[in-house]
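Observations on chain architecture
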Amino acid sequence: MSILVVGSVAFDSIETPFGRVENVLGGSATYFSTAASFFADVNLVAVVGDDFPQQHLDFLRSREIDLRGLTRSSGKTFHWKGKYGYDLNEAQTLETHLNVFETFKPQIPSAYADSDYLFLANIDPDLQMDVMRQVKSPKIIASDTMNYWISSKPDSLKKVIGEVDILIINDAEVRQLSQEPNLVKGAKKILETGLKNLIVKRGEYGVLMFTKTSIFAAPAYPLEEVFDPTGAGDTFAGGFMGYLANTGDTSEAGIRQAIIFGSVMASFNVEDFSLDRLKRLSYGEIEERYRSLKAMTHFEGLPAMESPL
Ligand code: AMP
């Protein structure tokens, strides 16, 4: 089954305590597609400028990502500049140059209109809605957003959340969206709007999934070396949706496994700048880390004790 993703393809300039890079390949849809391509066919809808180099297109094609929906417009590619301190969970945006992204109106090629899996990466919620209207009857729609849209277009965003199956956002976004400081209460408030699954990304603290009747907690894979957290959220979403599209298993058990695949993919991505780690990743490494995360999180059931005090 194939996945359709709509989002940004970008040049990023990033500074972390461990180094800096300028104008490297980035963008929410780029991270998502690359991660998802380990599991399923991916159709990418985005825009780049005429400065976007052939080598990046070659890389995306080498992952067998379908680029018929990638428009090249005259002008410059979207550019994001960000910085992280020792707390790698928090990105500080230094500059955002929308460039060709400013007038981006996603046109879904007719060949993609039957997509079963749709991921709406972080773009204007009005555009997210417009994309949903162009896709016939997807089995699963998941979406992301960011603080900027929560504060600037709350009504449009609520409409989007009312139509998606899974919302994948970070803990600060849950607090902002629900206007509730406690994460669990905030998540419950968001689910009251009718949303079925809320996945909360918490950086190095892992992921929480909330449904009406359950909570699932997955830790992040403990790493000694984290170089650059950029794209971790989108890489998570790519592994997550990729697994669902591969297996078609959208039961709660399947969604839990998808969360682990997403966490595994994100853990690789943060080991190097840009998409460098994903570029040299093998499926065998993914399986090995999945097994290792499973072993790390196993614990026995409640023991029978003689006389509890
Ligand atoms: P993440 O770290 O998963 O939140 O995603 C980081 C990626 O999002 C970077 O590669 C950026 O190019 C991209 N990005 C940053 N700001 C925006 C924005 N306002 N709209 C779309 N994409 C963005």
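Everything numeric in this text was worked out from a predicted model, so none of it was measured. (Residues numbered from 1 in each chain as written. Predicted model: local features only at pLDDT ≥ 70, side-chain atom pairs only at ≥ 80, totals over all residues. Heavy atoms only, no water.)

Digging into the pattern of salt bridges
What counts here: By definition, a salt bridge exists where a carboxyl oxygen of Asp or Glu is found within 4 Å of a side-chain nitrogen of Lys or Arg. Burial classes: relative accessible area under 20% of the type maximum marks a residue as buried, over 50% as exposed, and values in between as partly exposed (1.4 Å probe, protein chains only). Secondary structure elements follow DSSP: runs of H or I no shorter than four residues count as helices, runs of E no shorter than two count as strands, and numbering proceeds from the N terminus.
Counted according to the given criterion, the structure contains 14 salt bridges. Salt-bridge contacts for Arg-20 lead to Glu-15; the nearest nitrogen and oxygen are separated by 3.2 Å. Overall, the relative accessible area of 55% leaves Arg-20 in the exposed class. Among the ionic pairs, Asp-114 bridges to Lys-136, the shortest N-O distance being 3.4 Å. Taken together, the positions of Asp-114 in the loop between strand E7 (91-97) and strand E8 (117-120) and Lys-136 in the loop between helix H3 (125-134) and strand E9 (140-143) put the pair 22 residues apart, joining distant regions of the chain. Grouping residues by exposure puts Asp-114 and Lys-136 together as exposed. Among the charged side chains, a network of salt bridges with common partners joins Glu-271, Arg-277, Glu-285 and Arg-289.

Some points on the sheet that holds E7
What counts here: Each pair of strands is called paired provided DSSP finds at least two bridges between the two strands. Between the N-to-C directions of two axes lies an angle of 0 to 180 degrees, each axis being a line fitted to C-alpha atoms and, for a helix, fitted only over the stretch in contact. Residues count as neighbours in contact if any of their non-hydrogen atoms are within 4.5 Å of one another.
Taken together, 4 strands build an open sheet; the order of strands is E3-E2-E6-E7 and the sheet is mixed. Two strands in the sheet have a free side with no partner beyond their single neighbour: strand E3 (19-26) and E7. Across the sheet, the axes of successive neighbouring strands diverge by a mean angle of 15 degrees, strand direction being ignored. Relative to E3, strand E2 (residues 10-16) is paired through 6 bridges, and the arrangement is antiparallel. By the bridge assignment, Glu-15 is partnered in E3 with Arg-20. Against the sheet, helix H1 (residues 28-36) contacts E2 and E3, and its axis sits at roughly 80 degrees relative to E3.

So, the site of the ligand
Inclusion rule: Nearness here has a simple test: a residue counts as near a molecule or strand if at least one of its heavy atoms is within 4 Å of that partner. Nitrogen and oxygen atoms within 3.5 Å of one another constitute a polar contact, given that in protein one can donate a hydrogen and the other can accept it, and given that sequence-neighbouring residues count only through two side-chain atoms. In these tables, accessible area is a Shrake-Rupley quantity obtained with a 1.4 Å probe, and a residue counts as shielded only by the protein chains included in the view. Residues are grouped as follows: Ala, Val, Leu, Ile, Met, Phe, Trp, Tyr, Cys and Pro are nonpolar; Asp, Glu, Lys and Arg are charged; all remaining types, including Gly, are polar.
Among the 17 residues in the neighbourhood of the ligand, the closest are listed as Ser-8, Asp-12, Gly-27, Gly-231 and Asp-234. The contact in question runs from an oxygen atom of the ligand to an N or O atom on the side chain of Asp-12, over 2.5 Å. In the environment of the ligand, an oxygen atom lies 2.8 Å from a nitrogen or oxygen atom belonging to the side chain of Asp-234. Considering the ligand on its own, with 510 Å² of exposed area, one finds that the protein chains cover 81% of that surface. Mapped by element, the contributors of at least two residues to the shell around the ligand are E2, H1 and helix H8 (232-247). In terms of residues, the shell around the ligand owes the most to one element, H8, which gives 3 residues. A per-class count over the shell around the ligand returns 7 nonpolar, 8 polar and 2 charged.

Some details on the sheet that holds strand E4 (residues 41-48)
Backbone hydrogen bonds hold the strands of a sheet together, and the pairing may be parallel or antiparallel. Strand order in this open sheet of 9 strands is E5-E4-E1-E8-E9-E10-E11-E12-E13, and the pairing throughout is mixed. Either end of the sheet is taken by a strand with one partner, and the two such strands are strand E5 (65-72) and strand E13 (215-218). With direction set aside, neighbouring strand axes in the sheet form an average angle of 15 degrees. The sheet contact formed by strand E12 (residues 207-210) and E13 spans 4 bridges and is antiparallel. Across the sheet, residue Val-207 finds its bridge partner in E13, namely Ala-218. Sheet strands in contact with helix H2 (residues 54-62) are E4 and E5, and its direction is about 150 degrees off that of E5. Contacts between helix H7 (residues 183-191) and the sheet are confined to strand E10 (166-170), strand E11 (197-201), E12 and E13, with E11 contributing the most and set at about 145 degrees to the helix.

Regarding unusual backbone geometry
One non-glycine residue, Gln-179, lies in the positive phi region at around 55 degrees. Its location among the elements puts Gln-179 in the loop between helix H6 (171-178) and H7.

What about the packing of helix H9 (residues 252-269) against helix H11 (residues 283-296)?
Think of two packed helices as two axes; the pair is described by the angle between the axes and how far apart they sit. Note the following rule: Here is the rule for handedness: rotate from the far helix to the near one, and if that takes an anticlockwise turn smaller than a right angle the crossing is left-handed, while a clockwise turn gives right-handed.
One way to put it is that H9 packs onto H11 with a least axis distance of 10 Å and a crossing angle of 115 degrees. Here H9 and H11 pass one another in a crossing that is right-handed. Here Gln-257, Ile-260, Phe-261, Ser-263, Val-264, Met-265, Ser-267 and Phe-268 of H9 lie close against H11, whose contacting residues are Tyr-283, Glu-285, Ile-286, Arg-289, Tyr-290 and Leu-293. A per-class count over the contact of H9 with H11 returns 9 nonpolar, 3 polar and 2 charged.

Description of H3
Count 3.6 residues to each turn of an α-helix, and residues three or four apart come out pointing the same way. Every buried residue belonging to H3 is among Pro-125, Leu-127, Gln-128, Met-129, Val-131 and Met-132, and all of these are buried. Turning to H3, the residues buried within the fold contact strand E1 (2-6), E8, E9, helix H4 (147-152) and helix H5 (154-163). Its side-chain oxygen at 2.8 Å from the backbone nitrogen of Asp-126, Asp-124 defines the N-terminal cap of H3.

Some remarks on the packing of aromatic side chains
For clarity, the threshold we go by: For Phe, Tyr and Trp, rings pair up if their centres lie within 6.5 Å, where Trp contributes its six-membered ring, and each pair is then called stacked (planes under 30 degrees apart), edge-to-face (over 60) or tilted (otherwise).
Enumeration according to the criterion identifies 12 aromatic pairs in this entry. Centre to centre, the rings of Phe-18 and Tyr-86 are 6.4 Å apart; their planes meet at 80 degrees, and the pair counts as edge-to-face. Note that Phe-18 is positioned in the loop between E2 and E3 and Tyr-86 in the loop between strand E6 (79-84) and E7, a separation of 68 residues in sequence. A residue is classified by how much of its surface remains accessible, and Phe-18, at 41% relative accessible area, is partly exposed. A residue is classified by how much of its surface remains accessible, and Tyr-86, at 71% relative accessible area, is exposed. Between the aromatic rings of Phe-32 and Phe-119, the centroid separation amounts to 4.4 Å while the plane-to-plane angle is 5 degrees, which identifies the pairing as stacked.

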